[in-house]
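Examination of the molecular architecture
In case you want the letters, here they are:
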Amino acid sequence: MRTKGPQITEPMSARVEFKFSTGGNTRRSRSLRGTEWDNHGMNTDPAGTDDPLSEAQIQELRLEIDRLDAEILDAIVRRSEISKRIGRTRMQSGGTKLVHTRELKVYERFSSLGQEGQTLAGMLLRLGRGRLG
Ligand SMILES: O=C(O)C(=O)C[C@]1(C(=O)O)C=C[C@@H](O)C=C1
């Protein structure tokens, strides 16, 4: 049904839905809490592909991201220190600055992440070189 402006449809739950004249799809109402869409846990996407998360779930997931970032940062610092130690030892004993075969392995390890993985591998190697170059 085409309508001129927003039209209140029969409330299917405690929620009031609006229909707009633009195409007829029932849109989710805006949450009063913020800018997130709030569909009260119902999947109202016509394609059925959305994964609605509550504010509480988003907060929980963000905490997990924060924890993971801290772990990743710790691991990067540890990796860099180890890499510098190996590099210093190698150079003091007259070895080469870099070990090409080992570097290729690092790039290979991150290849499942595509181009970004290669960039990441390169950054890790550079961090481990420190003042070596
Ligand atoms: O495995 C080594 O020999 C290292 O020095 C470590 C490391 C790395 O960070 O992975 C660093 C520099 C080398 O070119 C190769 C690898």
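Throughout what follows, the structure given in this document is the object of discussion. (Residues numbered from 1 in each chain as written. Predicted model: local features only at pLDDT ≥ 70, side-chain atom pairs only at ≥ 80, totals over all residues. Heavy atoms only, no water.)

Quick look at the nonpolar core
Under the convention used in this document: Throughout, nonpolar core names a set of buried Ala, Val, Leu, Ile, Met, Phe, Trp, Tyr and Cys residues whose side chains join them through atoms within 4.5 Å. Each residue's exposure class comes from its accessible area (1.4 Å probe, protein chains only) as a fraction of the maximum for that residue type: buried when under 20%, exposed when over 50%, partly exposed otherwise. Every helix listed is a DSSP run of H or I at least four residues long, and every strand listed is a run of E at least two residues long, numbered separately from the N terminus. Any two residues having at least one pair of non-hydrogen atoms within 4.5 Å are treated as being in contact.
Val106, Phe110, Ala121, Leu124 and Leu125 together form the largest nonpolar core, which totals five residues. The greatest single-element share of this core, amounting to three residues, is contributed by helix α3 (residues 114-129). Excluding residues within four positions of it along the chain, Leu124 makes contact with Ile76, Arg79 and Phe110.

Some points on the packing of helix α2 (residues 100-109) against α3
Defined as follows: Here an axis means a line fitted to C-alpha atoms, over the contact stretch when the element is a helix, while the angle between two N-to-C directions is reported on a 0 to 180 degree scale. If an angle is under 35 degrees, it is roughly parallel; if it is over 145, roughly antiparallel; if it lies from 65 to 115, roughly perpendicular; otherwise it is oblique. Left-handed is the label given to a crossing in which the near helix is rotated counterclockwise from the far helix by less than a right angle, and right-handed is the label when the rotation is clockwise. All amino acids are sorted into three groups, where Ala, Val, Leu, Ile, Met, Phe, Trp, Tyr, Cys and Pro are nonpolar, Asp, Glu, Lys and Arg are charged, and the leftover types, Gly among them, are polar.
Here α2 crosses α3 at 140 degrees, and the two axes come no closer than 8 Å. As judged from the angle between their axes, α2 and α3 are oblique. Between α2 and α3 the crossing geometry is right-handed. Of the residues in α3, those touching α2 at Glu103, Val106 and Tyr107 are Gln118, Ala121, Gly122, Leu125 and Arg129. Along the lines of polarity and charge, the residues of the contact of α2 with α3 split into four nonpolar, two polar and two charged.

Side note on the site of the ligand
Heads up, the condition is: Summary of the distance rule: residues count as near a molecule or strand when at least one heavy atom falls within 4 Å of that molecule or strand. Between N or O atoms, a polar contact is any pair within 3.5 Å; within protein, one atom must be a potential hydrogen donor and the other a potential acceptor, and residues adjacent in sequence are included only when both atoms are from side chains. Exposure was quantified through the Shrake-Rupley algorithm and a 1.4 Å probe, taking into account, for residues, occlusion by the shown protein chains and nothing else.
Near the ligand the following residues occur: Arg79, Ser83, Ile86, Arg90, Leu98, Val99, Arg102, Glu103, Val106 and Leu125. Between Arg102 and the ligand, the recorded distance is 3.2 Å, taken from a side-chain N or O atom to an oxygen atom. At 2.5 Å, a side-chain N or O of Glu103 approaches an oxygen atom of the ligand. In isolation the ligand has 360 Å² of accessible area, and contact with the protein removes 92% of it. Of all elements in the fold, only α1 (55-92) and α2 reach the threshold of two or more residues within the shell around the ligand. The element that contributes the greatest number of residues to the shell around the ligand is α1, accounting for four residues. In terms of residue class, the shell around the ligand is built from five nonpolar, one polar and four charged.

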